[in-house]
Amino acid sequence: MSLLSPTKSEPNPSSGPASAPAPGSGTAGAAPAPASATPASPVPRLLSALREDLGVVVARDPSVRSKKEAVLHPALTALWAHRIAHRLHGRGLRIPARLLARWARRVTAVEIHPGAVLGRRVFIDHGAGVVIGETAVVGDDVTMYHQVTLGAVGWWSDNERPEGDRRHPVVGSGVVLGANATVLGPVTVGDRAVIGAQALVNKDVPCGARVLAPTAVIKEPGRRPELMEDVFTVIASAGSW
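## Here we look at the overall build of the protein chain
Then, in step 1: For the protein chain, the helix and strand inventory stands at six helices and 16 strands.
Then, in step 2: The 241 residues of the protein chain split such that 40% are buried.
Then, in step 3: Across the protein chain, contacts joining residues at least 24 apart in sequence account for 47% of those joining residues at least 6 apart.
Then, in step 4: Total accessible area on the protein chain is roughly 13600 Å²; 58% of this is exposed by carbon and sulfur atoms.

Right, dumping it as structure tokens:
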């Protein structure tokens, strides 16, 4: 099953060969969609996935010196609990899956719905306040910082969607989501994109794009406020640093 369609394939009123455009969808040779995400590789067996999660904490967190220390990483507990809860959820054991997810939320402050699909080598730095919704899909090698939200737009809209339709984002492989970044609705964040700290995203993001929130304005005593335009200020929004 493709990680880009965890619940339902995209509607196609005239199914046919994948390479053929659907009637009425536009002329042949039309420009490609502004955003796309490569399907993540198949999720490995549980023990293999847990081993990769442990290794990626050592690789991406400079404060962790060994795998023994990495075991104590709070977000790792949340990821491991989700790997198990997701398998329970997929087998129809929704209540045990929910209980495990609730326990993980209580001890790690990371809330991942058991239905969410997470690819390989996902790294959540710090972890506190991260929320990932039921129909969200996260590709391989994604890094997210604390307080990231992959959410829906609200029940007043989502209750009108057909059963099985996606309500949450698809995040491509190699994406970085900075601290307090919020991605809402059934949007697609293309591969290798960077969503900067504090950024709010409710539209598709092309592959390799940078989405940066406005930076702070400094007003020195006796002077008018000036926008900060130095290079460090621009790139600082790309993560939690």
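## Some thoughts on the packing of helix α1 (residues 46-60) against helix α3 (residues 74-90)
Then, in step 1: Interaxial distance between α1 and α3 falls to 10 Å at its minimum, and their mutual angle equals 160 degrees. Our classification of the angle between α1 and α3 gives roughly antiparallel. For the crossing formed where α1 meets α3, the hand is right-handed. The segment α1 lies against α3, with L46, A49, L50, D53, L54 and V57 engaging L76, L79, W80, R83, I84 and R87.
Then, in step 2: Per-class residue counts for the contact of α1 with α3 are nine nonpolar, no polar and three charged.

## Quick word on unusual backbone geometry
Then, in step 1: One non-glycine residue, D141, adopts positive backbone phi at about 60 degrees.
Then, in step 2: With respect to the helices and strands, D141 occurs in the loop between β5 (137-138) and β6 (143-144).
Then, in step 3: One non-glycine residue with positive phi stands out, namely R192, at about 65 degrees.
Then, in step 4: You can see R192 is positioned in the loop between β11 (188-189) and β12 (194-195).

## So, the pattern of salt bridges
Then, in step 1: Summed over the entire model, instances satisfying the criterion amount to nine salt bridges.
Then, in step 2: The shortest N-O distance in the salt bridge between E52 and R120 comes to 2.5 Å. With a gap of 68 residues between them, E52 in helix α1 and R120 in the loop between β2 (117-118) and β3 (123-124) connect regions that are remote in the sequence.
Then, in step 3: Note that R105 and E111 form a salt bridge whose closest N and O atoms lie 2.6 Å from each other.
Then, in step 4: Judged by its relative accessible area of 47%, R105 falls in the partly exposed class.
Then, in step 5: Where salt bridges share partners, they join E52, R60, R120, R121 and D141 into one cluster.

## Considering the packing of aromatic side chains
Then, in step 1: All chains considered together, the criterion is met by one aromatic pair.
Then, in step 2: When the ring of W155 is compared with that of W156, the centres are 5.7 Å apart and the planes differ by 75 degrees; the resulting orientation is edge-to-face.
Then, in step 3: Classification of W155 by relative accessible area gives exposed; the value is 60%.

## Considering the packing of α3 against helix α4 (residues 94-108)
Then, in step 1: The N-to-C vectors of α3 and α4 enclose an angle of 175 degrees; their axes lie 8 Å apart at closest approach. What the angle tells us is that α3 and α4 run roughly antiparallel. Contacts between α3 and α4 involve P74, T77, A78, A81, I84, A85, L88 and H89 from the first element and R94, P96, A97, L100, W103, A104, V107 and T108 from the second.
Then, in step 2: Partitioned by chemical class, the residues of the contact of α3 with α4 number twelve nonpolar, three polar and one charged.

## Structural notes on the environment of V142
Then, in step 1: Looking at where V142 falls in the secondary structure, it is placed in the loop between β5 and β6.
Then, in step 2: Along the sequence, V142 and D191 sit 49 residues apart, while their C-alpha atoms lie 9.3 Å from each other.
Then, in step 3: Those residues in contact with V142, other than ones at most four positions away along the chain, are R60, R121, V122, F123, V171, G172, S173, G174, V175 and L177.

## Description of the nonpolar core
Then, in step 1: Residues I124, I132, M144, L150, L177 and I195 are the most contacted members of the largest nonpolar core, which totals 31 residues.
Then, in step 2: Take this core: its biggest share by element is three residues, from α3.
Then, in step 3: With seven residues, the next largest nonpolar core counts V57, A70, L76 and F123 among its residues.

About the thresholds
Residues numbered from 1 in each chain as written. Predicted model: local features only at pLDDT ≥ 70, side-chain atom pairs only at ≥ 80, totals over all residues. Heavy atoms only, no water. Helix = DSSP H or I, 4+ residues; strand = E, 2+ residues; numbered from the N terminus. Buried < 20%, exposed > 50% of the residue type's maximum accessible area, 1.4 Å probe, protein only. Contact = heavy atoms within 4.5 Å. Areas by Shrake-Rupley, 256 points an atom, 1.4 Å probe, with all protein chains shown as cover. Axes fitted to C-alpha atoms, helices over the stretch in contact; angles between N-to-C directions. Parallel < 35°, antiparallel > 145°, perpendicular 65-115°, else oblique. Left-handed = near helix turned anticlockwise from the far one by under 90°. Nonpolar A, V, L, I, M, F, W, Y, C, P; charged D, E, K, R; others polar. Salt bridge = Lys/Arg side-chain N within 4 Å of Asp/Glu carboxyl O. Phe/Tyr/Trp six-rings, centres within 6.5 Å; stacked < 30°, edge-to-face > 60°. Core = buried A, V, L, I, M, F, W, Y, C linked by side-chain atoms within 4.5 Å.

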